[in-house]
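The lines below spell out each chain.
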Amino acid sequence: MIFMGFSERGGVRSVEGGRDRETYESVVDGFERDCLYSSMRSADLHRRAEDLRSLARAQGKSPGPADFFEAVRAHEDANGLLAAFRRDLARSETAAGRTVLQLTSDVFRAAVASFGKATALAEAERAALEGYDRADRERWTGQRVSSMDARLLAFDILARRATREPVAEIRTAAQEEVERRLADAIADITEGGRRAEYQLIWLIRRLARLQQRDHCIDIAHSLPRDDMAFGVDAHLVTGDTLFRLNIKSLSEDAYRTEYNDAVIASGQERARDASAVLVVVPFGDLHDAFRAERNAHLTEFRRRLPVLRKKIVAAIACSLPESNRDAMLALTPAAQIGRSSEKGKRLSVQYLERHTDVTTLRRFGVLSMDDRPDVTRMLDLQKRFCAVARDILETVAHFEHPTPELVQKVQQAIG
């Protein structure tokens, strides 16, 4: 009896009697590893995927991993074409004396439609979506990826295709459908760190849509190679600039422990190695903001949204350069915060800690306008500011609109 197996380098080999036959799982493991950590030509990837499908049929296993990694390759192609579009757009806008962040949504969508490789982009995205759909038809789990990854990555393509839709009514309906389906899928993610990554992506994407900035601010999860090999969790685009994000979601109490200080320091180092920026989001704020957005139709949740939105956006903004930082902060404009009724109230410790963020530190001049702080420094500045401000600022008005004298006192106290 002859069985078909795979050599260590990915080729097919025959093994008599099945005694030394490689298991399907071990073959998938090698396939995953090579796809993630080594360069592989598209032709080789396709050949090995076909071999894996044959083995899956022979052993009654799922061909999902083969479909998944072929979809990822199409997704990579689509991302490359989209990056080329952004470069072309940036050059044309620079020549016209504008920036991509200044574009209206109509101009942006017209530019996408007239992109010279628009057909190739649409084809790559179609191939990726079809592959992800096949990979998610039955449940499977490899050593590093699973059918759930196929489902989640498909939403990134669906979201950006919806954003490019030129008809406003169709666009909004499509975006809301993607939001709803992704939120439901997030509830099924069992790993806490991965769930936090997608919650953050969902929130920023939603805010960009609500503020009508979704054409120039985009966020998506990284593809498996960037994620596994380099620790990059998400890609954020503001205008024509792409940032690779390493996301850490920690409980607020954890900021005071040596363990989590080490987590932040390690994340900062890994982010630097991957030319990425580290984003630290308080776990409680992220959980509450996601829950509140999903229940925004209820008064008890809607009331908390402005503050929660601002804290989540600020967590990302504080790691970006000034021009991109301001673009992010615009997702939660000051007018949306709506705390005028509290201006005359005494400043409580709870209010101070809840509302202190990167914009606060800039308002009091303890964070330079040109500075791009690391996360460790930002967390330290927030703690120090809260510690001194509660003894200097008496009312909410002092906090929101400090006089030059109060600003000077806070700066001197912080040192």
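Just above sits the structure.
Reading guide: rules and limits
Residues numbered from 1 in each chain as written. Predicted model: local features only at pLDDT ≥ 70, side-chain atom pairs only at ≥ 80, totals over all residues. Heavy atoms only, no water. Pairing = 2+ DSSP bridges. Helix = DSSP H or I, 4+ residues; strand = E, 2+ residues; numbered from the N terminus. Axes fitted to C-alpha atoms, helices over the stretch in contact; angles between N-to-C directions. Contact = heavy atoms within 4.5 Å. Buried < 20%, exposed > 50% of the residue type's maximum accessible area, 1.4 Å probe, protein only. 1 Å grid on protein atoms, 1.4 Å probe; cavity = no way out; pocket = protein on both sides within 12 Å on 5 of 7 lines; lining within 4 Å. Points joined across faces, edges and corners; volume = space filled by probe spheres on them. Nonpolar A, V, L, I, M, F, W, Y, C, P; charged D, E, K, R; others polar.

**Here we look at the sheet that holds strand 4 (residues 234-238)**
Consider a sheet: its strands pair through backbone hydrogen bonds, and that pairing is either parallel or antiparallel. In space, the 4 strands of this open sheet follow the order 3-4-5-6, with mixed pairing throughout. Looking at which strands have only one partner, the edges of the open sheet turn out to be strand 3 (217-221) and strand 6 (277-282). Here the strands of the sheet are splayed against their neighbours by 30° on average, with no regard to which way each runs. Helix 11 (residues 283-294) rests against strand 5 (241-250) and strand 6 of the sheet, and its axis sits at about 75° to strand 6.

**Structural notes on the pairing of strand 3**
In terms of burial, strand 3 is a largely internal element, 4 of the 5 residues being buried. Note that strand 3 and strand 4 share 5 bridges and pair antiparallel. Across the sheet, the residue bridging to Ala220 is His235, located in strand 4.

**Here we look at empty space enclosed by the protein**
Under the definition given, this model contains 4 cavities of 30 Å³ or more. Taken as a whole, the largest cavity encloses approximately 230 Å³ of empty space. Lining the largest cavity are 16 residues, and of these Leu82, Arg86, Phe108, His215 and Asp218 lie nearest its centre. Put simply, the parts of the chain that give the lining of the largest cavity at least two residues each are helix 3 (64-95), helix 4 (105-113) and helix 6 (147-163). For the lining of the largest cavity, the element with the most residues is helix 3, which contributes 4 residues. For the lining of the largest cavity, a count of residues per class yields 8 nonpolar, 3 polar and 5 charged.

**A few points about the layout of surface pockets**
If a probe the size of a water molecule is rolled over the atoms, the empty space left behind becomes visible. By volume, the second largest pocket amounts to about 420 Å³. Lining the second largest pocket we find 18 residues, and of these Arg139, Ser146, Met148, Asp188 and Thr190 sit closest to its centre. No other element matches helix 6, which puts 5 residues into the lining of the second largest pocket. Classifying every residue of the lining of the second largest pocket gives 5 nonpolar, 4 polar and 9 charged.

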